[in-house]
Amino acid sequence: MDTLDLNKDNIDNINKTHVFRRLIRYIKPCLHLFIVSLVLVLMITGFDLARPVLLGDAIDEYILHDTDTSSDNINNQSISTNSLADNSRQKDLAGIRKTSVIYLILLILTFICNCLQTLLLQYTGQKVIYNIRQEVFEHTQALSLRFYDINPVGKITTRVTNDVEALSEMFSGILVKLFKNFIKIIGLATVMLSINVKLALLAFIVLPFVVIITIIFKKISRATYRVTRSKIAMLNAYLSEHISGMKVIQIFAKEVSKYDEFEKKSLELYNANYREMMVFAVFRPIIYFISIIALVTVIGTGSHAFLNGTITIGTLYIFIQYISSFFDPIQELAEQFGTLQSSIASAEKIFTLLDEKPQIVNPSNPIPVKEGINKIEFKHVWFAYDNENYILRDVSFTINPGEKVAFVGATGAGKSSILNLIGRYYDIQKGEILIDGINIKDIDKDALRKRIGQVQQDVFIFSGDIKSNISLNNPDISYEDVVNAAKYVNADHFISKLPGGYDEPVTERGQTLSQGERQLLSFARTLAYNPSILVMDEATANIDTETEILIEEALKKLMSGRTTIMVAHRLSTIQHADKIMVMHKGKIRESGTHQELLAAGGLYKKLYELQQK
Amino acid sequence: MEKKYKLSHYLYKYRVKYILGILTLFAVDIINTYIPQFTGEVTDGLTARTLDMSGVYHLIIKILLCGLAIALCRFLWRYFIFGSARAIEYDMRNDLFAHLETLSMNYYNKNKTGDLMAHFTSDLNAIRMSVGMAVISSFDSIFMTIMILIKMFFNISISLTLLASVPLIIIAFASIWYGKNIKIRFEKKQEAFSNLTDVANEDISGVRVIKAFVRERSRLKEFAKYNQDNMDKTMDVVKLQAVAIPLLDIITGLSSLITLVYGGSLAIMGKISLGQFIAFNQYIGMLVWPMLAIGESITTFSQGKASLNRVYSIFSAKSEIIDNGTYDKPVMGDIELNHLSFKYEDKTVTALNDITLKVNNGESLAIVGKTGCGKTTLVNLLLRMYNVDNGMIKIDGIDINDYKLKHLRESFAYVLQDNFLFSDTITNNIGFGSSHPTMDMITSAAKNALIHDNIMDFKDGYETLVGERGVTISGGQKQRSAIARALLKDAPILILDDSLSAVDTDTEEKILNNLSQIRKGKTSIIIAHRISTIMNADKILVLDDGNMAEYGTFDELVKKGGIFATMYEKQQLEKQIDSDESNEGEVK
């Protein structure tokens, strides 16, 4: 099985509607909230639609009510009004007031629904984002080390952070906006049709043009968008490369020619942006003009109908109002589809990562392991990281309980690989690795790793404080355990000198600590977890003599009573080993005790002499 | 910061377009107010029975003409203002890059590539939004508000206008308050997101430890905290928006309500006509957008301001290396170090300590020593990648600070330790340092660096793309390409910084032989770990923690029995083991 390489574009093979459906599935846990939110949207849209109707009715009923009788008054206000008209006007004013109260109630209801709807929807959206992010993070943690060997940290982090963030637009905005606009269009159309079919149909006459223009626009804009995206990516790649390669540019004094190159790329992006801008600059006014055409169509036919007495002036008023609100959602729909598309692009990236299966598969029925005797066996093990270039070739050995075995040999001989295989960070191609006679593939991965204490060459320090770096926030490890472990491996010495002691904060990668201190800290960490098997890749770093002595002592203590496998560099560590295996080019060439190997006068003797220098 | 990098300077450059854009914007707003007026005339005329169909058609033509003019002007202001905003973005982007090219290594040691890139992407974007979209919205909304208010004021009713605009004044003040608060919350949200990124990044880098100690679940819980915090901070932003935007709606709704109550009674009393009442309603509707836009542009402006400050911080960064030397005569290649000491800006210990030596034209100097002892620092100083005091480094007897910087650097052919190649063709990579290399020159440099045969093995030969989007080439091939690049430059002084570490000893020997022939009579500085690389150097400098531990010829140093002698013996033994190995064959 090939490991996913995030550098490569492996997106084309994914079906877009499939991605969308899969995304929608994430709403399920919050479905009730989402539905409530949609209902609220329906209500809000209803209220929005009702407002002009309310005004139109008020005009028809109260203001226009007696235009005929009072038309003189409008033209000639100096004439005193008679009491009858005065009385009816009082009624009209009361009607207006009544309408106002309804209008006010509508306003308040809209406000409440709007607040609620936005909150609910955003909450749902954010919750979904939270869940997806949690899932992506958990998944990356489950992936095998091979995945991390191939893919740079930055790329993986981007999947967890930015790509997931890009989905938030979709869940907390676009989906509902699409729905809202869709409902608005349907709602407006229904109301218009119910008021006057002929006038409504006339207003809709321009719609096919809108659709055609929108489709054309979509096609052009998608093409320009794609060009822009690729130009942005190109420019960013160029920038990233040239900012990190600035030194080369400067030492070759190539600033001017590199600037010209950059300007060319920058200009390409500018042109792409410019084209994109022009597409929008043309599209929006065209749609606007179409809405004006619809408006005059309604005015023209409406006026004609009014003069013929088939509609009231209130109806005409409502239609004039609706026409402008009818075109907004249509235009928005077109643009929201664009955003939806870019969300789907991010989703594709996330799903490719989620579809990557961990290569180290936990056994379905793991053999329960008791606290065993800790005997380790390699039987004809063949191993390659990439299925091709074998790092280990037919390696067999047995490490008896409590034994300390040191592996020595040149870089690339396969020593470190052996250490990685015992904790099953990689699976071997051929052969068997057994612990107490059980194949490690049949043991629960976590149970296996808990038994093994790994001391890595490159000590990784998490940001936090000293104690959290020893306990790794394991609640089973008390503060006392931490201090005891540190004391036991001589780490207490430097920790107690720190201003904050065990609470002293350490920054990312432990830059404030020296290499030797980090080493001691990692010993304390390992000891605190009290493993029964110790797997150790000894650091080669140059450490001052004082710390060196502390480390040697600590190592001795750490190894006592534990089956230990180590890649050793220090002569002192090697000499104390029960058995030494000399590796060369993926094979074990010599093995025995220090004395035996020296006497044999082979590879080891030469390596030993080298070390002595 | 230089004046030309001020935003005002960029704006000034496009002033004509901006003025034209704003004028067309105003034109749209002015014409826009006529449409409700004409529709009002239609409804008025119809109710008063003073309008017949030909009158209606007359007004329709007027509306259509207005619509056409508006559509045209809308296109034009987009063209003028969005176009200018894009042009400003383009100019700033180029200036940023040009400025970055002038900054020294000290700056790059302190600033991460990713962070610098963010200035080009998100910051320039935010600035563009400010000088484009936000300029339009703010001008548009202010002007439109004034226009509409005037129309309402003079054409309809003074008292109604005053009353109906009370809620709108509230909006103006509220949006300022809103802008301030949303910014604070937005920044908190950004911070939470950046914390989340840090945690994810750390856990992904430390995945080996997490797996080894079976801490996956605990880290997942820890991650959940940051994830939750990010969600909470996002919700804080959203909560404010969730209240503020509907509130805006209700306030504009109040204006409509006032119109209905007061305007309606005015209409019933006959103080205003029905058409005026309808037009007034439309005007109120037209005021909603400007009010919203003001709030939005305040937010955009404040984000743009923050980004502008970030971009300004790059523009105001100055290189401590000031190119005010004038010397530009051809370099012969005498190098003189005179009590050279150097300390990196942010470090407490010196990287180099009191180094004095002289390399004559045509000689070769080898530098050896442990990692971090100052070898690379020393050669970087020769090229003035960092500043040294006057008199410390002289080339041909002239202080390097008196050289024209470009001339000084062009006098070196430097093969860097990390063999940086650009994602480009092999031809362009090898030809990088030279002005107009011919294909023959490139092939001959490649042959001398023993990379020619490898290149010919590639499908596209010299036109093969290397780097991210091209073929991946091995470390040794990279090194040899970098050597070819330096050889082609044929500069007076050649520097090889650990440049043969990834090639086997056999190839190394051949390359060194070629070098000694091509570089006859020219100065070379070779940094290496392998003794075989430097055996033939005229002088060897052994650095230890920045100090000049040993200095002399090969024989002298071996005899001396110091650091160099130990190194040499060790490597001799290793070599022996290796050769024994290959003779021995399979094991017992």
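Not measured: the values here are computed from a predicted model.

S.K.: Looking at this model, I keep getting lost on the overall build of chain A. Mind explaining?
M.R.: In terms of regular secondary structure, chain A is built from 21 helices and 12 strands. For chain A, whose C-alpha radius of gyration is 38 Å, the value lies well above the compact-globule estimate of 25 Å for 613 residues. Taking the principal axes of the C-alpha coordinates as reference, chain A spans close to 130 × 60 × 50 Å. A buried classification covers 39% of the 613 residues belonging to chain A.

S.K.: Mind showing me how you'd approach the overall build of chain B here?
M.R.: Within chain B, the secondary structure is distributed over 19 helices and 10 strands. For 588 residues, the compact-globule formula gives about 25 Å, and the C-alpha radius of gyration of chain B, at 36 Å, lies well above that figure. The principal-axis extent of the C-alpha atoms belonging to chain B is close to 120 × 60 × 50 Å. Here chain B, with 588 residues, has 45% of them falling under the buried criterion.

S.K.: Looking at this structure, how should I read the nonpolar core?
M.R.: Buried together is how nonpolar side chains tend to be arranged in soluble globular proteins. Core analysis: the largest hydrophobic core is formed by 201 residues, its most contacted members being Phe 319 of chain A together with Tyr 414 of chain B. Ignoring sequence-local partners within four residues, the contact set of Phe 319 of chain A consists of Met 192, Leu 199, Ala 203, Val 298 and Gly 302 of chain A.

S.K.: It is not clear to me how the interface of chain A and chain B should be interpreted in this structure. Could you clarify?
M.R.: By a widely used convention, the size of an interface equals the accessible area lost when the partners come together. If you look at the interface, chain A gives 113 residues, while chain B gives 109 residues. Here the side of chain A that touches chain B is built from residues that sort into 59 nonpolar, 34 polar and 20 charged.

S.K.: How do you make sense of the domain arrangement of chain B when you look at a structure like this?
M.R.: Residue and element names in this part refer to chain B. As far as domains go, chain B holds domain 1 (327–411 + 492–579) and domain 2 (419–490). One C-alpha centre belongs to domain 1, the other to domain 2, and the line joining them spans 25 Å. Listed per partner, the contact involves 10 residues of domain 1 and 11 residues of domain 2. Broken down by element, the residue count for the side of domain 1 that touches domain 2 peaks at 5 residues, all from helix 16 (residues 505–518). Taken together, the residues of the side of domain 1 that touches domain 2 sort by class into 6 nonpolar, 3 polar and 1 charged.

S.K.: Is there a simple way to think about the sheet that holds strand 3 (residues 404–409) of chain A in this case?
M.R.: In any sheet, the strands associate via hydrogen bonds between backbone groups, in a parallel or an antiparallel arrangement. Residues and elements named next belong to chain A. Within the open sheet, the 6 strands sit side by side as 6-9-10-3-11-12. Their pairing is mixed. Each having just a single partner strand, strand 6 (452–455) and strand 12 (587–592) make up the two edges of the open sheet. Strand-to-strand twist across the sheet, computed as the mean angle between neighbouring axes with direction ignored, equals 20°. Pairing analysis gives 4 bridges linking strand 3 to strand 10 (residues 563–567), with the strands arranged parallel. Note that in strand 10 the partner of Phe 407 across the bridge is Val 567.

S.K.: Any chance you could explain helix 10 (residues 255–307) of chain A here in plain terms?
M.R.: One turn of an α-helix holds 3.6 residues; hence residues three or four places apart share an orientation. Under the 1.5 Å per step criterion, the end-to-end length of helix 10 of chain A is 76 Å for 53 residues, consistent within 8% with the ideal 78 Å. Note on helix 10 of chain A: the residue one or two positions beyond its end, Gly 309 of chain A, has a positive phi of about 80°.

S.K.: I tried to follow the environment of Tyr 14 of chain B on my own but got confused; where do I start?
M.R.: Residues and elements named next belong to chain B. Here Tyr 14 is to be found in the loop between helix 1 (7–13) and helix 2 (15–47). Judged by the 19 C-beta atoms lying within 10 Å of it, Tyr 14 falls in the partly exposed class. With 71 residues separating them along the chain, Tyr 14 and Ala 85 place their C-alpha atoms 8.9 Å apart. Once you skip the residues sitting within four places of it in the chain, Tyr 14 turns out to touch Ser 84, Ala 87 and Ile 88.

S.K.: What am I meant to see in helix 12 (residues 415–422) of chain A here?
M.R.: For helix 12 of chain A, the buried fraction is high: 6 of the 8 residues fall into the buried class. For helix 12 of chain A, the set of buried residues is Lys 415, Ser 417, Ile 418, Leu 419, Leu 421 and Ile 422 of chain A.

S.K.: So what exactly am I meant to see when it comes to the sheet that holds strand 1 (residues 376–383) of chain A here?
M.R.: All names here are of chain A. The 4 strands lie next to each other as 2-1-4-5, forming an open sheet whose pairing is antiparallel. Two strands bound the open sheet, and with one partner strand each, they are strand 2 (392–399) and strand 5 (438–439). On the sheet, helix 12 packs against strand 1, strand 2 and strand 4 (430–435) and is oriented at approximately 115° with respect to strand 1.

S.K.: Whenever I open this one, unusual backbone geometry confuses me. Can you help?
M.R.: Apart from glycine, the bulk of residues carry a negative phi angle, and the bulk of peptide bonds sit in the trans form. Even without glycine at this site, Asn 473 of chain A takes up a positive phi of about 60°. Relative to the helices and strands, Asn 473 of chain A is located in the loop between helix 14 (466–471) and helix 15 (479–488). On the neighbour-count criterion, Asn 473 of chain A (16 C-beta atoms within 10 Å) is partly exposed. Although it is not a glycine, Asp 498 of chain B sits at a positive phi angle of roughly 50°. Its location among the elements puts Asp 498 of chain B in the loop between strand 7 (493–497) and helix 16. Using a count of 22 C-beta atoms within 10 Å as the deciding quantity, one classes Asp 498 of chain B as buried.

S.K.: Teacher, can you tell me more about the packing of helix 8 (residues 216–269) of chain B against helix 9 (residues 274–315) of chain B here?
M.R.: All names here are of chain B. For the pair helix 8 and helix 9, the least separation of the axes is 10 Å and the interaxial angle reads 165°. With respect to helix 9, the element helix 8 is oriented roughly antiparallel. Crossing geometry of helix 8 relative to helix 9 is assigned as right-handed. Mapping the contact onto sequence places Leu 248, Thr 252, Ser 255, Ser 256, Thr 259, Gly 263 and Ala 267 in helix 8 and Leu 274, Phe 277, Phe 280, Asn 281, Ile 284, Leu 287, Val 288, Met 291 and Leu 292 in helix 9. Counted by class, the contact of helix 8 with helix 9 contains 10 nonpolar, 6 polar and no charged residues.

S.K.: I keep staring at the packing of helix 8 (residues 207–244) of chain A against helix 10 of chain A and nothing clicks. Help me out?
M.R.: Two quantities define a packed helix pair, namely the angle between the axes and the distance from one axis to the other. Residue and element names in this part refer to chain A. The interhelical angle for the contact between helix 8 and helix 10, taken along N-to-C directions, is 160°, at an axis separation of 9 Å. Relative to helix 10, the element helix 8 lies roughly antiparallel. Every pair of crossing elements has a handedness; the one defined by helix 8 and helix 10 is left-handed. Across the contact of helix 8 with helix 10, the residue classes tally to 19 nonpolar, 6 polar and 6 charged.

S.K.: Explain the pairing of strand 3 (residues 364–369) of chain B here, please?
M.R.: Regular strands have side chains that alternate between both faces of the sheet. Residues and elements named next belong to chain B. With 6 of its 6 residues buried, strand 3 lies for the most part within the structure. With burial as the criterion, each face of strand 3 is covered, one bearing Ser 364, Ala 366 and Val 368 and the other bearing Leu 365, Ile 367 and Gly 369. Pairing between strand 3 and strand 8 (residues 523–527): 4 bridges, direction parallel. Its bridge partner being in strand 8, Ala 366 is matched across the sheet by Ile 526.

S.K.: Would you mind going over the domain arrangement of chain A with me for this structure?
M.R.: Split into domains, chain A comes out as domain 1 (16–67 + 80–196 + 311–355) and domain 2 (403–412 + 452–612). For domain 1 of chain A versus domain 2 of chain A, the separation of C-alpha centres amounts to 61 Å.

S.K.: How should the confidence of the model for chain B be read in this particular structure?
M.R.: Keep in mind that low pLDDT regions are not for reading the predicted coordinates in detail. Residue and element names in this part refer to chain B. Looking at chain B as a whole, the pLDDT averages 86, with 96% of positions reaching at least 70. At the low end of the mean pLDDT range in chain B sits helix 19 (residues 563–584), at 70; at the high end sits strand 4 (residues 393–395), at 94. Taken as a whole, residues 584–588 scores under 50 in pLDDT and shows 1 contact with residues more than four places along the chain or in a different chain. Both confidence scores are given for the complex: pTM 0.73, ipTM 0.82.

S.K.: Help me out: how do you make sense of the confidence of the model for chain A in this one?
M.R.: Residue and element names in this part refer to chain A. Residues of chain A with pLDDT of at least 70 account for 91%, and the chain-wide mean is 83. Mean pLDDT per element in chain A: helix 3 (residues 67–75) is the minimum at 42, and strand 1 is the maximum at 93. Predicted confidence is poor over residues 67–81, with pLDDT under 50, and the contacts of this stretch with residues over four places away or in other chains come to 13 contacts.

S.K.: Help me out: how do you make sense of the environment of Glu 101 of chain B in this one?
M.R.: Within the secondary structure, Glu 101 of chain B sits in helix 3 (residues 53–102). The spatial distance from the C-alpha of Glu 101 of chain B to the C-alpha of Ser 319 of chain B is 9.7 Å, given a sequence separation of 218 residues. Excluding residues that lie within four positions of it along the chain, Glu 101 of chain B makes contacts with Ile 249, Glu 255, Lys 258 and Tyr 259 of chain A.

S.K.: I tried to follow the environment of Gly 437 of chain A on my own but got confused; where do I start?
M.R.: All names here are of chain A. Within the secondary structure, Gly 437 sits in the loop between strand 4 and strand 5. With 9 C-beta atoms counted inside 10 Å, the residue Gly 437 sits in the exposed group. The spacing of Gly 437 and Glu 377 is 60 residues in sequence and 7.7 Å in space, taken between C-alpha atoms.

About the criteria used
Residues numbered from 1 in each chain as written. Chains lettered and ligands numbered in written order. Predicted model: local features only at pLDDT ≥ 70, side-chain atom pairs only at ≥ 80, totals over all residues. Helix = DSSP H or I, 4+ residues; strand = E, 2+ residues; numbered from the N terminus. Rg over C-alpha atoms; globule rule 2.2 N^0.38 Å. Buried ≥ 20, exposed ≤ 12 C-beta atoms within 10 Å, placed from the backbone. Core = buried A, V, L, I, M, F, W, Y, C linked by C-beta atoms within 7 Å. Contact = placed C-beta atoms within 7 Å. Nonpolar A, V, L, I, M, F, W, Y, C, P; charged D, E, K, R; others polar. Domains from an automatic or database assignment. Pairing = 2+ DSSP bridges. Axes fitted to C-alpha atoms, helices over the stretch in contact; angles between N-to-C directions. Expected span 1.5 Å × (residues − 1). Parallel < 35°, antiparallel > 145°, perpendicular 65-115°, else oblique. Left-handed = near helix turned anticlockwise from the far one by under 90°. pLDDT = per-residue confidence, 0-100.

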